[in-house]
Amino acid sequence: MIIDMPNLELALPEIFVLGMTCAVLIIDLFLKDKNRIITYLLAQLTLLGAVLITYSQIGSPSTTGFSGSFIRDPMGDILKIFIYVITATVFLYSRDYLRARGQFKGEYYALGLFGVLGMMIMVSAHSFLTVYLGLELLSLSLYSMVALNRDSEVSTEAAMKYFVLGAIASGMLLYGMSMIYGITGSLNVVEIGAYINKNGTSNIILDFGLVFIVVGLAFKLGAVPFHMWVPDIYHGAQTSVTLYIGTAPKIAAFAIIMRILVDGMEALHTDWQQMLTILAVLSLAIGNIVAIAQTNIKRMLAYSTISHVGFLLLGIISARPDGYSASMFYVLVYALMSVGSFGMIILLSRSGFEADTLDDFKGLNERSKWYAFMMLLLMFSMAGVPPTVGFFAKLWVIEAVLNADTDMTWLAITAVLFSVVGAFYYIRLVKIMYFDKPEDDSAITPDVDLKVVISANGILMLALGVYPGALMSICQSVIQ
Amino acid sequence: MLFDLPILSTLIWTPIIGGLIVLAAGEKRARLISLIVSVLTFILSIPLYTKFDTSTAAMQFPELHSWIPSFNINYQLGVDGISMPLIILTAFTTILVVLSAWEVIKKKPDQYMAAFLIMEGVMIGVFSALDAILFYVFWEAMLIPMFLIIGVWGGPNRVYATIKFFLYTFLGSVLMLVALIYLSIRADGSFSILGFHTLPLSLTEQIFIFAAFLVAFAVKVPMWPVHTWLPDAHVEAPTGGSVILAAIMLKIGGYGFLRFSLPITPDASSELDWLIILMSLVAVVYIGFVALAQEDMKKLIAYSSIAHMGFATLGFFLVFSIIDNTGSWRDAALGMEGGLVQMISHGFISAAMFLGVGVLYDRMHTRNISDYGGVANTMPVFAAFMVFFSMANAGLPGTSGFVGEFMVILDSFKANFWIAFLAATTLILGAAYTLWMVKRVLYGEVANDNVAKLKDMNAREFVIMALLASAVLFFGLYPGPLTEVMHSTVEHLLQHVSVSKI
């Protein structure tokens, strides 16, 4: 029996992250609390190394390996680099926050890195099995991260909810996958695609399988009506963990949608277009309307996430390469906006005080006009007001919808109208920061690196808005 | 080599960068730097007039750079006879706003000045953008500084007013965005506005696009029945905010009709011109009566602005019935030019009226008409100016307010007697609400001790008022320079709209 040695070079970033994460885990065991910063630095080093490795692979043509269940392609490379950078930002933002709460432990970083590994596998998945592996690795890390603050009842409850609902979602996804496997006899997305193309799309079990897969994906994305976990988990988890959950995993979720629905089952697009349209419209409506009623900013951002998921789906609904690029651009921009907004909550929090209600932002302009301006940029970007980059993200998906083969002008109009509803709660936060009197005059004194990165994050909203061309053409070129 | 500079880009970016410098310089030096920047911008805008070629309708001072290549979005600028006067008006008004805030704004003057300077650049951008997305970016970006200006420096009910202002205009413009993207898809991915002008469209398409534009521009103008944000915004805004709102922002709506609605959807405009005419007449007549009933000076001027802008839109959309009736472009051109002159003149007059109210408000901290009376006794110079501007607002011959109204009324006779009749009621209503306010505020016995203690205008206020008064008088006696630059552009536009695009 001859065993082909798989092409390990393909998975070099994954192998590197895995090795380093194990090393972090072990080294952390031997560190005293005062030296915990070493764990943090190692985690950042891991991400830096991963960026370098993935960057060195950019440009080479896409290749599959591990019997076709793993793919390295330009889209994956870009998504992975964003995942590393976003996660590194998350780690940086949460460092002082964790330290102030006596939570500066190695587990946060180790689990975070395992989550990154899960996301990388999702991004590179080329068969249903790999998708599932990556997804579970990410989900399990997330469940435990939510539960990290074990003395807090809210966090424990959130973790429990997340685990139960996440398990149901995984079950749905797996069930759908098994049906597709039953029909097509393969788990590989390309072979599934080829089978559907050859044998036609009118197969009831295929449709059922698709429904279950879409439900599973919608659960993971947090699209309405499978969104119930999102606000509770965002709210219940510590801000450092919410920061993590709310950002990079959305990029990975976009990747598996691309792999499963587009690479695997594009032939069924008329079916999944309808399903996603329902999800998108509901997400836009519920997300934007319910967000208005929130007083807790983490819950508000949770509902805002739901509405952004609606927008993200619009690009995919168009079922055109241009639309997929638009969605990719949207998810990358969203991750940047989201990490900045949660970062601002962390910036305003201090030991024994969580700045997680809207009132905690009162009069921020009087306390620090610079940070108020950064938050202003982030909020206007979320609302999609030019000249911030959020506008171009929305512009592109709307263009994709209008460009779709079937006439979906109504969908574009629905989307822009709900974005007006959404603008209300973003500008309400601006109002709170600029027009209200501060209740709390304590100075905001972040460390230098936090200060620099959060400023860069805010400025990036404007810079990418003034010059979005480069990132747009990257998104365009990696999806043909 | 000053004259090699791309003049429009310079005009857009000088105030924006100046605004950022003001922010960085801090509160102490904010006023002086802002004044320098605004005067510099105005000086730089003068070549637009002196080097403007009045014989052509083509876009002048053109600039074209690729901005987002993958999307075919360009940084394309240019002005014609419609936008050029509006740009100069913007630069002129900003100087007045900076001057008017000199001692009055005590709270964060650096942010206040910076917001106005940045807004100046953005508004010039709106008037000079020839790429639809560039236009939209400027159009929306304008909302952010205005939102902050009303919200931070406004009156007691400012939060309600500013959020209403923001959401109203945002709602209006998103549909326009959909229309613009639709047009670009029809135009094979190009976002050039001039390209949209020549794009053939079916009547159904045109009507939908026209409707989307109408929502955006009608909110901005604002036209009845979507005008309700304006009185709130005006009342709560600080003086400078009201001035910019009335003098420039409202004009952007009117400009939108000329740059987008008429040339892109001429057939739909011709089909639906009755709707705009109706809305304009309601604005002139009904809003005129509403203005009569106001107790608050700023609210009164706000309603008077709506009525006056009704004249501008009336002038723009009368053209179809005039061409039908007389078949002459010349006749139609008179109405459209009248509308344009009305816009410019209203820019001066409304700015002056709001600044006048600001002068009183700074002293008395009330805008209620009933709190005043006999101001002329203690502030004679101010009273003289106010009476002059009120006369101009009522359309007295010899002031710029007369020219536009007269041209539009004259022209509406060629369209329909009853339109002319209703439009002409403004001469009575306008005089009634403005002069009645003047009577109650300025004349009569000194009403109370507060009025008795009033001090007349200082030199700074005098300069502002004098500048505006000379502009109003100049264009009232000699509107030639203004109509001259518009002439070829208006004629070209009329020829363009009279050809069907179906």
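Residues numbered from 1 in each chain as written. Chains lettered and ligands numbered in written order. Predicted model: local features only at pLDDT ≥ 70, side-chain atom pairs only at ≥ 80, totals over all residues. Heavy atoms only, no water.

### Concerning the overall build of chain B
Right, so step 1: Regarding its fold elements, chain B presents 23 helices and two strands.
Right, so step 2: In terms of overall dimensions, chain B is globule-like: its C-alpha atoms have a radius of gyration of 22 Å, near the 23 Å expected for 502 residues.
Right, so step 3: Overall size of chain B, expressed as C-alpha extent along the three principal axes, is 70 × 55 × 40 Å.
Right, so step 4: Relative to its full complement of 502 residues, chain B shows a buried share of 68%.
Right, so step 5: Taking as baseline every contact in chain B between residues at least 6 positions apart, the subset at least 24 positions apart corresponds to 82%.
Right, so step 6: Element-wise, carbon and sulfur atoms account for 68% of the exposed surface of chain B, whose accessible area totals about 16200 Å².
Right, so step 7: Here chain B holds 25 positive side-chain charges and 32 negative ones, and the gap between their average locations is 11 Å. (Helix = DSSP H or I, 4+ residues; strand = E, 2+ residues; numbered from the N terminus. Rg over C-alpha atoms; globule rule 2.2 N^0.38 Å. Buried < 20%, exposed > 50% of the residue type's maximum accessible area, 1.4 Å probe, protein only. Contact = heavy atoms within 4.5 Å. Areas by Shrake-Rupley, 256 points an atom, 1.4 Å probe, with all protein chains shown as cover. Lys, Arg positive; Asp, Glu negative; His and termini not counted. Charge placed at Lys NZ, Arg CZ, Asp CG, Glu CD.)

### A word on the environment of Tyr84 of chain A
Right, so step 1: When you line up the elements, Tyr84 of chain A lands in helix H3 (residues 74–100).
Right, so step 2: In sequence terms Tyr84 of chain A and Gly49 of chain A are 35 residues apart; their C-alpha atoms lie 9.6 Å from each other.

### Here we look at the side chain of Gln44 of chain A
Residues and elements named next belong to chain A.
Right, so step 1: Looking at the secondary structure, you find Gln44 in helix H2 (residues 37–57).
Right, so step 2: Side-chain polar atoms of Gln44 contact the backbone oxygen of Ala88, separated by 3.2 Å.
Right, so step 3: Ignoring anything within four residues of it in the chain, the contact list for Gln44 reads Ala88, Phe91 and Leu92. (Polar contact = N/O pair within 3.5 Å; in protein donor to acceptor, adjacent residues only side chain to side chain.)

### Some remarks on the layout of surface pockets
Right, so step 1: Roughly 1100 Å³ of internal volume is contained in the largest pocket.
Right, so step 2: Looking at the largest pocket, it is lined by 38 residues, and the ones nearest its centre are Phe373 and Leu462 of chain A together with Ile16, Leu20 and Ile118 of chain B.
Right, so step 3: Those elements that place two or more of their residues in the lining of the largest pocket are helix H16 (369–383) and helix H19 (448–466) of chain A together with helix H1 (7–25), strand S1 (60–68), helix H4 (109–128), helix H5 (132–141) and helix H6 (143–153) of chain B.
Right, so step 4: Residues that form the lining of the largest pocket fall into these classes: 31 nonpolar, six polar and one charged. (1 Å grid on protein atoms, 1.4 Å probe; cavity = no way out; pocket = protein on both sides within 12 Å on 5 of 7 lines; lining within 4 Å. Points joined across faces, edges and corners; volume = space filled by probe spheres on them. Nonpolar A, V, L, I, M, F, W, Y, C, P; charged D, E, K, R; others polar.)

### Some remarks on the side chain of Lys220 of chain B
All names here are of chain B.
Right, so step 1: Tracing the backbone through its elements, the reader meets Lys220 in helix H9 (residues 203–220).
Right, so step 2: Within the buried set, Lys220 has no salt-bridge partner at all; the shortest N-O distance to an opposite charge, 6.3 Å, is to Glu140.
Right, so step 3: Setting aside residues up to four positions removed in sequence, Lys220 forms contacts with Trp139, Met142, Leu143, Thr169, Trp229, Met249, Leu250 and Gly253. (Salt bridge = Lys/Arg side-chain N within 4 Å of Asp/Glu carboxyl O.)

### Quick notes on the packing of H5 of chain B against H6 of chain B
All names here are of chain B.
Right, so step 1: Packing of H5 against H6 brings their axes to within 5 Å, and their N-to-C directions diverge by 5°. Taken together, the axis directions place H5 and H6 in an arrangement best described as roughly parallel. Only Leu143, Ile144 and Pro145 of H6 make contact with H5, whose side of the interface consists of Trp139, Glu140 and Ala141.
Right, so step 2: Split by residue class, the contact of H5 with H6 holds five nonpolar, no polar and one charged. (Axes fitted to C-alpha atoms, helices over the stretch in contact; angles between N-to-C directions. Parallel < 35°, antiparallel > 145°, perpendicular 65-115°, else oblique.)

### Structural notes on the interface of chain B and chain A
Right, so step 1: Tallying the contact residues gives 36 residues for chain B and 39 residues for chain A.
Right, so step 2: Where chain B abuts chain A, roughly 3400 Å² becomes buried across the two surfaces, and 81% of that area is made up of carbon and sulfur atoms.
Right, so step 3: The interface formed by chain B and chain A includes one salt bridge.
Right, so step 4: Residue Lys369 of chain A pairs with Asp110 of chain B through a salt bridge whose shortest N-O separation is 2.9 Å.
Right, so step 5: Our enumeration of links across chain B and chain A arrives at four residue pairs in polar contact (both at pLDDT 80 or more).
Right, so step 6: Elements with a minimum of two residues in the side of chain B that touches chain A: S1, H4, H5, H6 and helix H7 (158–186) of chain B.
Right, so step 7: It is H7 of chain B that contributes the most residues to the side of chain B that touches chain A, 16 residues altogether.
Right, so step 8: Of the residues in the side of chain B that touches chain A, the class split is 26 nonpolar, five polar and five charged. (Buried area = accessible area lost by both parts, 1.4 Å probe.)

### What to know about the pairing of strand S2 (residues 73–79) of chain B
Right, so step 1: Counting buried residues along S2 of chain B, seven of its seven residues qualify, which places the element largely inside the surrounding structure.
Right, so step 2: Residues Ile73, Tyr75, Leu77 and Val79 of chain B point to one face of S2 of chain B and Asn74, Gln76 and Gly78 of chain B to the other, with burial holding for every one of them.

### Let's talk about the confidence of the model for chain B
One rule of thumb: low pLDDT means the predicted coordinates there are not for detailed reading.
Residue and element names in this part refer to chain B.
Right, so step 1: Of the residues in chain B, 99% have a pLDDT of 70 or more, and the chain-wide mean is 86.
Right, so step 2: Per-residue pLDDT, averaged within each element of chain B, yields its smallest value for helix H21 (residues 449–452) (78) and its largest for H5 (91).
Right, so step 3: The ipTM, which scores confidence in the relative placement of chains, is 0.86 for this predicted complex, and the corresponding pTM is 0.90. (pLDDT = per-residue confidence, 0-100.)

### Structural notes on unusual backbone geometry
Residue and element names in this part refer to chain B.
Right, so step 1: In this structure, Pro222 follows Val221 across a cis peptide bond, with omega equal to -15°.
Right, so step 2: Here Pro222 lies in the loop between H9 and helix H10 (229–236).
Right, so step 3: Note that the residue after Trp224, namely Pro225, is joined by a cis bond; omega there is 5°.
Right, so step 4: On the secondary structure map, Pro225 appears in the loop between H9 and H10.
Right, so step 5: Its identity as a non-glycine residue notwithstanding, Asn72 has a phi of 65°, on the positive side.
Right, so step 6: By the secondary structure assignment, Asn72 is in the loop between S1 and S2.
Right, so step 7: By relative accessible area, Asn72 is classed as partly exposed at 38%.

### A word on empty space enclosed by the protein
Right, so step 1: The full count for this structure, using the stated rule, is seven cavities of 30 Å³ or more.
Right, so step 2: What the largest cavity holds in volume is close to 190 Å³.
Right, so step 3: Contributing to the lining of the largest cavity are 17 residues, with Ser139, Leu142, Tyr162, Lys220 and Trp229 of chain A lying nearest its centre.
Right, so step 4: Listed by contribution, the elements that provide at least two residues to the lining of the largest cavity are helix H5 (128–147), helix H6 (153–184), helix H8 (204–221) and helix H11 (248–264) of chain A.
Right, so step 5: Grouping the amino acids of the lining of the largest cavity by side-chain chemistry returns 13 nonpolar, two polar and two charged.
Right, so step 6: As a volume, the second largest cavity reaches approximately 70 Å³.
Right, so step 7: In terms of lining, the second largest cavity is formed by Ala383, Gly384, Phe391, Lys394, Ile398, Val416 and Ser419 of chain A together with Tyr136, Glu140, Phe170, Val174 and Leu177 of chain B.
Right, so step 8: Of all the secondary structure elements, the ones that give two or more residues to the lining of the second largest cavity are helix H17 (389–403) and helix H18 (409–435) of chain A together with H5 and H7 of chain B.

### Comments concerning the packing of H4 of chain B against H6 of chain B
Residue and element names in this part refer to chain B.
Right, so step 1: H6 packs onto H4 with a crossing angle of 155° between their chain directions and a minimal axis gap of 9 Å. In terms of orientation, H4 and H6 fall into the roughly antiparallel class. As for how H4 packs across H6, the hand of that crossing is left-handed. Of H6, the residues touching H4 (which contributes Gln111, Tyr112, Ala115, Phe116 and Met119) are Pro145, Met146, Ile149 and Trp153.
Right, so step 2: Classifying every residue of the contact of H4 with H6 by side-chain character gives eight nonpolar, one polar and no charged. (Left-handed = near helix turned anticlockwise from the far one by under 90°.)

### Things to note about the environment of Arg428 of chain A
Residue and element names in this part refer to chain A.
Right, so step 1: Inspection of the secondary structure puts Arg428 in helix H18.
Right, so step 2: Assessed through its relative accessible area of 16%, Arg428 is described here as buried.
Right, so step 3: Along the chain, Arg428 and Leu358 lie 70 residues apart, while their C-alpha atoms are 9.2 Å from each other.
Right, so step 4: Leave out the neighbours within four places in its chain, and Arg428 touches Ala291, Ile292, Gln294, Met300 and Leu358.

### Re the packing of aromatic side chains
For any pair of aromatic rings, geometry is given as the distance between the ring centres together with the angle between the planes.
Right, so step 1: Under the definition given, this model contains 51 aromatic pairs over all chains.
Right, so step 2: Their ring planes at 90° and their centres at 5.1 Å tell us that Tyr108 of chain A and Tyr109 of chain A sit as a pair that is edge-to-face. Comparing Tyr108 of chain A with Tyr109 of chain A, the two get one shared label, buried.
Right, so step 3: Judged by centre distance (5.2 Å) and plane angle (85°), the rings of Phe127 of chain B and Tyr255 of chain B are edge-to-face. You can see Phe127 of chain B sitting in helix H4 and its partner Tyr255 of chain B sitting in helix H11 (residues 239–264), a full 128 residues away along the chain. Neither residue differs from the other here; Phe127 of chain B and Tyr255 of chain B are each classed as buried.
Right, so step 4: The residue whose ring lies beneath Arg99 of chain A is Phe104 of chain A, and the NZ or CZ to ring-centre distance is 5.0 Å. (Phe/Tyr/Trp six-rings, centres within 6.5 Å; stacked < 30°, edge-to-face > 60°. Lys NZ or Arg CZ within 6 Å of the ring centre and 35° of its normal.)

### Comments concerning the pattern of salt bridges
Residues and elements named next belong to chain A.
Right, so step 1: Applying the stated criterion across every chain yields a total of 22 salt bridges over all chains.
Right, so step 2: Between Asp449 and Arg95 there is a salt bridge whose closest N-O contact spans 2.8 Å. Here Asp449 is found in helix H19, whereas its partner Arg95 is found in helix H3, with 354 residues between them in sequence.
Right, so step 3: In this structure Asp449 comes out as partly exposed when scored by relative accessible area, which is 28%.

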